[in-house]
Amino acid sequence: MQLLVWALEEIEKAGNMEAAQHARSALDAIRKSMQPDKLAARRITEPDAKPK
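Description of the structure in this document. (Residues numbered from 1 in each chain as written. Predicted model: local features only at pLDDT ≥ 70, side-chain atom pairs only at ≥ 80, totals over all residues. Heavy atoms only, no water.)

Okay, the pattern of salt bridges next. For side chains of opposite charge, pairing can occur when their charged atoms come near one another. Throughout the structure, instances matching the rule amount to 2 salt bridges. Residues Glu10 and Lys13 are paired through a salt bridge, measuring 3.2 Å at the closest nitrogen-oxygen approach. Placement of both Glu10 and Lys13 in helix α1 (residues 2-14) is noted, with a separation of 3 residues, approximately one turn of the helix. Classification of Glu10 as partly exposed rests on a relative accessible area of 47%. Here Arg24 ties to Glu12 by a salt bridge, and the two come within 2.3 Å at their closest N and O atoms. Of this pair, Arg24 sits in helix α2 (residues 17-33) while Glu12 is found in helix α1, placing the two residues 12 residues apart along the sequence. Given a relative accessible area of 32%, Glu12 falls into the partly exposed group. (Salt bridge = Lys/Arg side-chain N within 4 Å of Asp/Glu carboxyl O. Helix = DSSP H or I, 4+ residues; strand = E, 2+ residues; numbered from the N terminus. Buried < 20%, exposed > 50% of the residue type's maximum accessible area, 1.4 Å probe, protein only.)

Everything listed here is a matter of coordinates, which is why it stays silent on function.
Next comes the structure, spelled out in structure tokens:
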């Protein structure tokens with residue numbers, strides 16, 4: 001998710017608002033599909049981390 005956030009920032013800097021909206025939609029879909037406790041537990045350094 002963090003990589004998608006960074007990509008969204010770069011897309012916005014580039015000025016492509018259509019692509020930015022698609023990236024936002026993708027980010028929203030990922031957030032909705034994840035359980036709230038999993039959102040806080042995952043780290044970018046552990047992309048495949050499994051809960052203990």
